[in-house]
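For reference, the chains in residue letters:
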Amino acid sequence: MSNQVKAVLGALATIAVWATAFPCSKIALQHVDSLTLSVARVVGGAMLMLIIGVARGLHIPTSWREWGLYIVLGMTGNFVYQVVFNQGLMTIPAATSSIIMALTPMTTALMALVVYKDHMRPIGWVFTITAFLGVAIIILWNGSINIPVGAFWTLLGMVLFAIYNIVNRGLSLKGHDPITVATWSMFTGAIMSLPFVSQSVANIAAAPAITWAAIMYLAFFSSALGFVFWSYALEHAERVSDVTNFMYLSPVVAAIGAAILVGEIPDMGLYIGAPIILGSLYMFNKCR
């Protein structure tokens, strides 16, 4: 199996569990606050990743610089990111949140130009832009933009996750395997959340079973396994943009999941924008 195929499979698996996190988070946030959900996701995911990591022969960082990078990952991809992401979902639909997060590929690509000189061919930029146009059609279909405060929280989360991608890529290029990256980034995020664990446990204990089920899915699949898939994809990608462009699929998957799980029915804009996004992804990977 070629590295390109591995990167594509890793990216698709990631999108499957990350995009469904939008409606599942909406379900959980009906009964717990954003901080409680963030703590549960990070701590639960870290526990699973430590088990997986130990079984696979986990590499332990040997320098303060390595630990520093993992602390940055713990903030930008886990604890702080989760808090602002969930805070955003408190006031905006799951599909809208996923659309804002779809800005991540372009933001990551711009950062990669500066940090790694990770240039794309002009045709790559063309299809990156057309994919974003598909996202724009979805969000602008009703002819006006009425963006609540939650959208700004989500925008901050998008920037944090773009930083996570850049730091993750750097560790992957230095030989850090996906399990190691996912485990220590979640572990450091979990350490940051420890002061809030006691109150979060009390809040979750008082929540109904549907909330427990949503939290377990978010912690074990969307968080733990999702980050393994994502690190795996970044490890085998020739360029960061080859993987991050798959995030344009997230609004489509999230909208379908939201319609099924929480009854948020998308308008016609999704049916027009989705083919543009899918077509742009196909052409990007074919012509890159």
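Residues numbered from 1 in each chain as written. Predicted model: local features only at pLDDT ≥ 70, side-chain atom pairs only at ≥ 80, totals over all residues. Heavy atoms only, no water.

**Re the overall build of the protein chain**
Our working rule: Numbered from the N terminus, helices here are DSSP runs of H or I no shorter than four residues, and strands are runs of E no shorter than two. Put simply, the radius of gyration uses C-alpha atoms, and a globule should come to 2.2 Å times the residue count raised to 0.38. Throughout, exposure labels follow a simple rule: accessible area from a 1.4 Å probe, protein chains only, divided by the maximum for the residue type, with under 20% read as buried, over 50% as exposed, and the rest as partly exposed. All accessible areas in this document rest on Shrake-Rupley with a 1.4 Å probe, and a residue is counted as covered only by the protein chains that are shown. Here Asp and Glu are counted as negative and Lys and Arg as positive; His is not counted, and neither are the chain ends. Charged groups are reduced to one reference atom each: NZ for lysine, CZ for arginine, CG for aspartic acid, CD for glutamic acid.
In terms of helices and strands, the protein chain carries 15 helices and zero strands. The C-alpha radius of gyration computed for the protein chain amounts to 18 Å, which stays within 12% of the reference 19 Å derived for 288 residues, consistent with globular compactness. Based on the C-alpha atoms only, the size of the protein chain along its principal axes is roughly 45 × 45 × 30 Å. Burial statistics for the protein chain: of 288 residues in total, 53% are counted as buried. Total accessible area computed for the protein chain in this model is approximately 12,200 Å², and 73% of it derives from carbon and sulfur atoms. Of the charged side chains in the protein chain, 12 are positive and 9 negative, and the gap between their average positions amounts to 7 Å.

**Focus: the nonpolar core**
Applicable threshold: By convention a nonpolar core is built from buried Ala, Val, Leu, Ile, Met, Phe, Trp, Tyr and Cys residues, the set being connected through side-chain atoms within 4.5 Å. Contact criterion: two residues are considered in contact whenever any of their non-hydrogen atoms come within 4.5 Å of each other.
Membership of the largest hydrophobic core comes to 57 residues, with the highest contact counts inside it found for F161, W230 and V243. The greatest single-element share of this core, amounting to nine residues, is contributed by helix α12 (residues 209-236). Excluding residues that lie within four positions of it along the chain, F161 makes contacts with W18, T76, G77, Y81, M101, T104, F227, W230 and M247. The next biggest cluster of nonpolar side chains, apart from the first, holds twelve residues, and it includes A102, M106, V135 and L270.

**Overview of the environment of A94**
Looking at the element boundaries, A94 is found in helix α6 (residues 94-101). Considering only alpha carbons, one finds A94 and F22, 72 residues apart in sequence, at a separation of 5.1 Å.

**Comments concerning the side chain of S223**
Its location among the elements puts S223 in helix α12. According to the relative accessible area criterion, S223 is buried, its value standing at 2%. Apart from residues no more than four positions distant in its own chain, S223 is found in contact with R41, Q82, M186 and L218.

**A look at the environment of W125**
Summarising the element assignment, W125 is placed in helix α8 (residues 122-140). Distance from W125 to A109, taken between C-alpha atoms, is 9.4 Å for residues 16 residues apart in sequence. Not counting the four nearest positions on each side in its chain, W125 is found in contact with A109, L110, L113 and M120.

**Structural notes on the packing of helix α5 (residues 79-89) against helix α9 (residues 149-173)**
Rule in force here: Think of each axis as a best-fit line through the C-alpha atoms, taken over the contacting stretch in the case of a helix, with angles from 0 to 180 degrees between the N-to-C directions. Note that the term roughly parallel is reserved for angles under 35 degrees, roughly antiparallel for angles over 145, roughly perpendicular for angles of 65 to 115, and oblique for everything else. Crossings are classed by handedness, with left-handed meaning an anticlockwise turn of the near helix from the far one by less than a right angle and right-handed meaning a clockwise turn. Gly falls in the polar group here, along with every residue not listed as nonpolar (Ala, Val, Leu, Ile, Met, Phe, Trp, Tyr, Cys, Pro) or charged (Asp, Glu, Lys, Arg).
At a closest axis distance of 7 Å, the pairing of α5 and α9 adopts a crossing angle of 155°. When the axes of α5 and α9 are compared, the pair comes out roughly antiparallel. The interaxial crossing formed by α5 with α9 has left-handed handedness. For the pair α5 and α9, the contacting residues are V80, Y81, V84, Q87 and G88 in the first and G150, W153, T154, L156, G157, L160 and F161 in the second. The class makeup of the residues in the contact of α5 with α9 is seven nonpolar, five polar and no charged.

**Looking at the environment of S222**
We count it as follows: Here a polar contact is taken to be a pair of N or O atoms separated by no more than 3.5 Å, where protein atoms must pair a possible hydrogen donor with a possible acceptor and residues adjacent in sequence count only if both atoms sit in side chains.
Tracing the sequence through the fold places S222 in helix α12. Taking the C-alpha atoms as reference points, S222 and I15, 207 residues apart in sequence, are found 9.1 Å from one another. Excluding anything up to four places from it in sequence, S222 contacts V17, W18, A21, R41 and Y217. Engagement of the side chain of S222 in a polar contact is seen with the backbone oxygen of V17, the distance being 2.7 Å.

**What about a nonpolar patch on the surface?**
Rule in force here: Residues with no salt bridge and a relative accessible area higher than 30% make up the patches, which join like charges within 9 Å and nonpolar side chains (Val, Leu, Ile, Met, Phe, Trp, Tyr) within 5 Å. Throughout this description, the term salt bridge denotes a Lys or Arg side-chain nitrogen within 4 Å of a carboxyl oxygen of Asp or Glu.
A cluster of nonpolar side chains, namely W141, M268, Y271 and I272, defines an oily patch on the protein surface of about 410 Å² accessible area. Residue placement: W141 occurs in the loop between α8 and α9. What makes W141 partly exposed here is its relative accessible area of 39%.

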